[in-house]
Amino acid sequence: MLVRSSIWQGRRVLVTGHTGFKGGWLSLWLHQLGAEVSGFSLPAPTEPSFFEQTRLAELIDHRVGDVRDPAAVAAVIAEVRPEIVFHLAAQPLVRYSYDHPVETYAINVMGTVHVLEACRHQDSVKAVVCVTTDKCYENREWVWPYRESDPMGGHDPYSSSKGAAELVISAYRRSYSGGPRIASVRAGNVIGGGDWALDRLVPDLVRAFIAGERPLIRNPRSVRPWQHVLEALSGYLRIGERLLDGDDTAATAWNFGPSDDDAQPVGWIVETMLAGWGAQGWDRPGGEQPHEAVLLRLDCSKARAELGWRPALRLEEALGKVIEWHRGVADGGDARDISIRQLADYAARRDRQMGEVTWA
């Protein structure tokens, strides 16, 4: 089974960055699997937010804190005594990093150091899954997908901070034997309901549609490995299970991205979203724009071969899930109910794909 509810039932789990979009979805999924979930994060980064819309604080142990504060990180890990930590707390935006490089490095690099240092001194922690990004690779703008063994790098502060975080993770993994098993997971551009981040394509489209405005599209020919958030999270959970099972081979780096034939350019995403929403037209912004990679793909053959993981949704279906979520909420639907229904629908899709039960 790709995701086993039995291993998560009653399991003490700490999620850093649980008020963010991806961390919120992960926390909700873990709660549905029966885990005892604690979250450590700054307040929700946007208004509205997935965290607030789903009333996640009612379901988990919600703690406000900053990974830049090593004492606060150590205190929450000592108090919660998690068996596994999913580290998602981050400054996640490329364009923001140009204006706030010090903050970006402090959160993404030293925040990771603080989490790993606290975990290695807490004997309850058996596993750590650190979430970075596909942008951690030295992007050479070539047509070949990036493999886990390719060099780290990054043109902008955000990307380079994530490459540096990967080096930190690797150093902790190799330097401290006897500590928790540590894995890093690298996903593409995740999309899904409840993502309200600024300067991100799909949230920008949703905001424009709701406001009845024409979206501004910077780079219509750029290609990214877009995928639904639950695709990436299913991989993270699978790695967490392997680490908790004592599998040392899982304590390494992993790519989780779309199928090789499902990476699409920005323009395709925009036209598909326009058609699905029933909106029309988009414009190009004026002025000089910061550097952004034009071509980026992930090689996920390792996850397919060693984990049995592969995408369950085509990109067009994933975009349909985004529209379904936001239209449902805009029409007065309950965001938590819609999210749980989408979780169950995704699990059913996994059931059919894997031929085994992945939700109980």
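Data block above holds the structure.
Residues numbered from 1 in each chain as written. Predicted model: local features only at pLDDT ≥ 70, side-chain atom pairs only at ≥ 80, totals over all residues. Heavy atoms only, no water.

This part covers helix α12 (residues 315-330). Here α12 is 16 residues long and its end C-alpha atoms lie 23 Å apart, about the 22 Å a rise of 1.5 Å per residue gives. Turning to α12, its buried residues number three or more, namely L315, A318, L319, K321, V322, I323, W325, H326 and V329. The first or second residue beyond α12 is G332, which carries a positive phi of 100°. (Helix = DSSP H or I, 4+ residues; strand = E, 2+ residues; numbered from the N terminus. Expected span 1.5 Å × (residues − 1). Buried < 20%, exposed > 50% of the residue type's maximum accessible area, 1.4 Å probe, protein only.)

Let's shift gears to the sheet that holds strand β5 (residues 127-131). Reading across the sheet, the 7 strands line up as β3-β2-β1-β4-β5-β6-β10 and stay open at both edges, with parallel pairing between neighbours. The open sheet has two free edges, formed respectively by β3 (61-64) and β10 (253-256), since each of these has just one partner strand. Averaged over all pairs of adjacent strands, the angle between their axes in this sheet comes to 20°, without regard to strand direction. Pairing analysis gives 4 bridges linking strand β6 (residues 181-187) to β10, with the strands arranged parallel. Residue pairing across strands places R186 opposite N255, the latter belonging to β10. The strands that helix α2 (residues 21-32) touches are β1 (12-16), β2 (36-41), β4 (84-87), β5 and β6; relative to β1, the one it contacts most, it runs at about 170°. (Pairing = 2+ DSSP bridges. Axes fitted to C-alpha atoms, helices over the stretch in contact; angles between N-to-C directions. Contact = heavy atoms within 4.5 Å.)

All right, on to the environment of V270 then. Relative to the helices and strands, V270 resides in helix α10 (residues 266-277). As for V270 and S161, which are separated by 109 residues in sequence, their C-alpha atoms are 29 Å apart. Those residues within four positions of V270 in sequence are excluded, and the remaining contacts are L201, L205, I217 and W282.

Here we come to helix α6 (residues 101-120). For α6, which comprises 20 residues, the first-to-last C-alpha distance of 28 Å matches the rise-based estimate of 28 Å (1.5 Å per residue) to within 8%. The largest bend along α6 reaches roughly 30° and is located at M110. Inspection of α6 places T104, I107, N108, V109, G111, T112, V113, H114, V115, L116, A118 and C119 among the buried residues, and these make up the whole buried set. (Bend = angle between axes of the 7 residues up to and from the residue.)

So, on to the nonpolar core. One finds W8, L30 and F86 to be the most contacted residues of the largest nonpolar core, which totals 58 residues. Looking at this core, the element that brings in the most residues is helix α9 (residues 229-244), giving 9 residues. Among all residues touching F86, those that are not within four sequence positions of it are W8, V13, L14, V15, T16, L26, L30, V129, Y236, L237 and G240. V80, I107, A118 and V168 belong to the second-largest nonpolar core, a separate cluster that totals 23 residues. (Core = buried A, V, L, I, M, F, W, Y, C linked by side-chain atoms within 4.5 Å.)

What follows deals with the pattern of salt bridges. Applying the stated criterion across every chain, the model contains 28 salt bridges. Put simply, R55 and E58 hold a salt bridge, and the shortest N to O gap is 3.7 Å. Classification of R55 as partly exposed rests on a relative accessible area of 30%. Between R63 and D61 there is a salt bridge, and its shortest N-O distance comes to 2.8 Å. Accessibility expressed as a relative area gives 21% for R63, which makes it partly exposed. Using a relative accessible area of 29% as the deciding quantity, one classes D61 as partly exposed. (Salt bridge = Lys/Arg side-chain N within 4 Å of Asp/Glu carboxyl O.)

A cis amide bond links E47 to the next residue, P48, at an omega of 5°. Assignment of secondary structure puts P48 in the loop between β2 and α3 (50-53). With a phi angle near 60°, D199 is a residue other than glycine that sits in the positive phi range. Accessibility expressed as a relative area gives 39% for D199, which makes it partly exposed.

This part covers the pairing of β2. The two faces of a sheet get side chains in turn, since along a regular strand they alternate between them. Counting buried residues in β2 gives 5 out of 6 residues, a clear majority hidden from the surface. The pairing of β1 with β2 spans 5 bridges and is classified as parallel. From the neighbouring strand, R12 faces β2, where its bridge partner is E36. Regarding the hand of the β-α-β motif, the stretch spanning β1, α2 and β2 is right-handed. Across 4 bridges, the pairing between β2 and β3 is parallel. Bridge assignment links G39 to a residue of β3, and that residue is H62. (Right-handed = clockwise from strand over helix to strand, strands pointing away.)

These figures capture arrangement, not role.
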